[in-house]
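# Understanding the architecture of this molecule
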Amino acid sequence: MRIFYYFIERRILLSQIIFVLFLILSLHSCKKSSSGFINPDIHFQAFENKWKLYNKSTNGGWKNNFNGRYSWDDAYALEGLLMHYQRSSDKRYVDTFIKVASRILETSDDDLKINDKYRGNKIVKGWSSKRYTVDSSYHVFGITNAMILYPVVKLFNILQDKNEIIQENISFFNKFKLFFIDEFNNIQVNDWVNLSSESGYFQDPYYSGLGIITPVNQYSRIGSYAIELYKLTGDLKYLVYAKKVARHLKNNLIQFSSYYYWNYIITSQPSPSDKPEDLGHS
C-alpha cells in the first residue's frame, strides 16, 4: 500500500493503471447485492447452502400462516438472518431478510380477506392461523403477530442506527412501519388488561373464550415487540406496556431454594394451569 500511495502522490501514469486494476479486482471479489457493496462474510456460502435446504423444506417459502409457519418457522429464520447481519455486516443477509418479510407482508389477512371469528368476525391486521383453535376457525393471535413483527422492527431499528436504510428498501420499511402502528393499535391495545398503574398483560380473546388466561411467554413476546416499537417511534406508550408486562412477571416470580421460576399461566387462584414454564418459552 505504501508503494501504491507513493505512485499516486507523484501522479505517475502507472498509478492510474494500478488504481483501475485495483478497482476491477475489488469489484470482482466483492459481489454486489441490491443493498450495494457489502462486507463479504466468509461464512455466507455455508449459510446459503443451509438456506437452500430451508427453502426446500418450505416448498419454496410458506404462503400463509394457517399452520403457524410464519410465526414459528419464518420468524425464527428472520431473527437468525438479523443476527448474521449483526455479526458480519454483510448486507446479503438483509437482502434475504427483506425477500422473506416482503412475502409475509403481502399475504396478511388484509390481503387474503380472512375474517377472524374471535375478533368480531372482522378482517384485522395480522396473520391468522387455524391450527391452534379448537374449531379450526381462523384467528389472529397477538403472539403470532408479535413473533413475526418483532424481528422486522428490530432490523429496522438496527439499520436506522447505522444509517444503512438505502433508497431501494425505503418503501418496504415505510409500508411495514405503518403496519406496525396499525397492528398494535388494533390488536395488542384491544387485548390489554390493566391490573394496576404498574402492571398488566395482553389477554387474547381466543383464550378468554376458553376461560383461561394467556400464557406468560405469549404476552412477554408482545412486550419485547413493544420495546422495539418504542425505539422506532419514541412513543412512550409502548415502553409503558413493556414495563407493565415486566412488572407483572416480576411480581409473580416464585422463589424456590436458590432460584426463581414462574408458571406457564399466571392465575390469581391455584389451578391446574399452575405448571412451571418450560425452558424453550423462557
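Described below are features of the structure shown in this document. (Residues numbered from 1 in each chain as written. Predicted model: local features only at pLDDT ≥ 70, side-chain atom pairs only at ≥ 80, totals over all residues. Heavy atoms only, no water.)

## Description of the overall build of the protein
In terms of regular secondary structure, the protein is built from 11 helices and 4 strands. A total of 282 residues make up the protein; the buried ones form 44% of that total. Long-range contacts, defined here as pairs at least 24 residues apart, represent 59% of the contacts in the protein between residues at least 6 apart. Put simply, the protein shows about 15,800 Å² of open surface, and 56% of that area lies on carbon and sulfur atoms. (Helix = DSSP H or I, 4+ residues; strand = E, 2+ residues; numbered from the N terminus. Buried < 20%, exposed > 50% of the residue type's maximum accessible area, 1.4 Å probe, protein only. Contact = heavy atoms within 4.5 Å. Areas by Shrake-Rupley, 256 points an atom, 1.4 Å probe, with all protein chains shown as cover.)

## Focus on the packing of helix H7 (residues 142-161) against helix H10 (residues 216-233)
Look at H7 against H10: their axes get within 8 Å of each other, and the N-to-C directions meet at 30°. Taken together, the axes of H7 and H10 are roughly parallel relative to one another. Helix-helix and strand crossings are classified by hand; for H7 and H10 the assignment is left-handed. From H7, Gly-142, Ile-143, Ala-146, Met-147, Leu-149, Tyr-150, Val-153, Lys-154, Phe-156, Asn-157 and Gln-160 reach across to H10, where they touch Asn-217, Gln-218, Arg-221, Ile-222, Ser-224, Tyr-225, Glu-228, Leu-229, Lys-231 and Leu-232. Each residue belonging to the contact of H7 with H10 can be placed in one class, and the counts come to 11 nonpolar, 6 polar and 4 charged. (Axes fitted to C-alpha atoms, helices over the stretch in contact; angles between N-to-C directions. Parallel < 35°, antiparallel > 145°, perpendicular 65-115°, else oblique. Left-handed = near helix turned anticlockwise from the far one by under 90°. Nonpolar A, V, L, I, M, F, W, Y, C, P; charged D, E, K, R; others polar.)

## Digging into the environment of Leu-195
Here Leu-195 is to be found in the loop between strand E1 (192-194) and strand E2 (200-202). Here Leu-195 falls in the partly exposed class, since its relative accessible area comes to 45%. Placed 49 residues apart in sequence, Leu-195 and Lys-244 show a C-alpha to C-alpha distance of 8.9 Å. Residue contacts for Leu-195: discarding those within four places in its chain leaves Gly-200, Tyr-201 and His-248.

## Regarding the layout of surface pockets
One number sums up the size of the largest pocket: a volume of about 360 Å³. Lining the largest pocket are 18 residues; nearest its centre among them are Met-147, Asn-217, Arg-221, Gly-280 and His-281. Those elements that place two or more of their residues in the lining of the largest pocket are helix H4 (69-88), H7 and H10. (1 Å grid on protein atoms, 1.4 Å probe; cavity = no way out; pocket = protein on both sides within 12 Å on 5 of 7 lines; lining within 4 Å. Points joined across faces, edges and corners; volume = space filled by probe spheres on them.)

## Thoughts on the pattern of salt bridges
This model, assessed by the stated rule, comprises 11 salt bridges. Two residues, Asp-41 and Arg-87, come together in a salt bridge whose shortest N-O distance is 2.6 Å. Remark: Arg-87 occurs in helix H4 and Asp-41 occurs in the loop between helix H2 (13-29) and helix H3 (44-57); sequence separation between them is 46 residues. Take Arg-87: its relative accessible area is 43%, and that puts it in the partly exposed class. A salt bridge links Arg-69 to Asp-73, with the shortest nitrogen-to-oxygen separation between them at 3.4 Å. A residue pair is termed a helical-turn pair when its members lie 3 or 4 positions apart in one helix, as Arg-69 and Asp-73 do in helix H4 at 4 residues. Take Arg-69: its relative accessible area is 31%, and that puts it in the partly exposed class. Taking relative accessible area as the criterion, Asp-73 reaches 21% and is therefore assigned partly exposed. It is possible to trace a salt-bridge network through shared partners that takes in Asp-116, Arg-119, Asp-191 and Asp-204. (Salt bridge = Lys/Arg side-chain N within 4 Å of Asp/Glu carboxyl O.)

## Overview of the nonpolar core
Within the largest apolar cluster, 52 residues are counted, with the highest numbers of intra-cluster contacts made by Phe-97, Leu-155, Phe-176, Phe-180, Phe-184, Phe-202 and Tyr-225. Per element, the largest residue contribution to this core is 10 residues, and it comes from H7. Not counting the four nearest positions on each side in its chain, Phe-176 is found in contact with Ala-101, Leu-105, Leu-149 and Val-152. (Core = buried A, V, L, I, M, F, W, Y, C linked by side-chain atoms within 4.5 Å.)

Everything listed here is a matter of geometry and, on its own, says nothing about what the molecule does.
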